[in-house]
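Listed below, chain by chain, are the residues.
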Amino acid sequence: MDTNAPDSLDRLDDEVAAAAFRRLVRHLRHRHDAQNIELMGLAGFCRNCLAEWIRDAGYEGDKAEARELIHGMPMDEWKATRQKPATDEQLAAMEASLAKNKVD
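Calculation criteria
- Residue indices follow the written sequence of each chain, beginning from 1 at its first position.
- It should be noted that, the model being predicted, local features are given only for residues of pLDDT at least 70 and side-chain atom pairs only at 80 or more, the latter also being counted only at that level, while totals for whole chains, interfaces and linings use all residues.
- Computation of side-chain values covers all heavy atoms of the structure but excludes hydrogens and water.
- Put simply, a salt bridge is a Lys or Arg side-chain nitrogen that is within 4 Å of an Asp or Glu carboxyl oxygen.
- For the purposes of this entry, the term helix denotes a DSSP run of H or I that reaches at least four residues, the term strand denotes a run of E that reaches at least two, and both are numbered from the N terminus.
- Here's how the labels work: a residue is buried when its accessible area is under 20% of the maximum for its type, exposed when over 50%, partly exposed in between, all with a 1.4 Å probe on protein chains only.
- When two rings of Phe, Tyr or Trp (its six-membered ring) have centres within 6.5 Å they constitute a pair, described as stacked for plane angles under 30 degrees, edge-to-face for angles over 60, and tilted for the intermediate range.

S.K.: So what exactly am I meant to see when it comes to the pattern of salt bridges here?
M.R.: Close approach of charged atoms lets side chains of opposite charge pair. Counted according to the given criterion, the structure contains two salt bridges. Salt-bridge contacts for Arg-55 lead to Glu-52; the nearest nitrogen and oxygen are separated by 3.6 Å. Remark: Glu-52 and Arg-55 occur in helix α3 (residues 47-56); sequence separation between them is three residues, near one turn of the helix. Owing to a relative accessible area of 27%, Glu-52 belongs among the partly exposed residues under this scheme.

The structure is reproduced here in structure tokens:
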């Protein structure tokens with residue numbers, strides 16, 4: 001599946017889409033118990049992916065600035081206060097999930 005291919009979602013008003021995106025990011029900031037590794041294992045994306053996607057969409061900040069915007073704090077602070085060590089099972093689930101992201 002090409003996640004950048006045009007579809008009916010493109011008819012969604014940009015203001016509505018932006019509001020929904022901000023709500024998603026705020027939700028993820030609140031639910032820091034949902035670890036990035038778990039998001040990657042289940043959905044194939046995480047907060048860091050969102051940071052890359054906003055850069056791809058034209059955000060002019062660098063990688064660190066984009067991550068701080070999404071995480072709500074500098075990445076080093078996020079890692080120190082929110083991130084837990086990944087288990088072997090979580091890493092394996094992430095790898096399997098990422099394989100599903102590949103487009104033929």
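S.K.: Explain the packing of aromatic side chains to me, please; I cannot follow it from the model alone.
M.R.: Each aromatic ring pair is specified by the distance between its two centres and by the angle formed by the two planes. With the rule as written, the count across this model stands at one aromatic pair. Where Phe-45 meets Trp-53, the ring centres are 5.6 Å apart and the plane angle is 25°; that geometry is what we call stacked. By relative accessible area, which is 23% here, Phe-45 ends up partly exposed. What makes Trp-53 partly exposed here is its relative accessible area of 46%.

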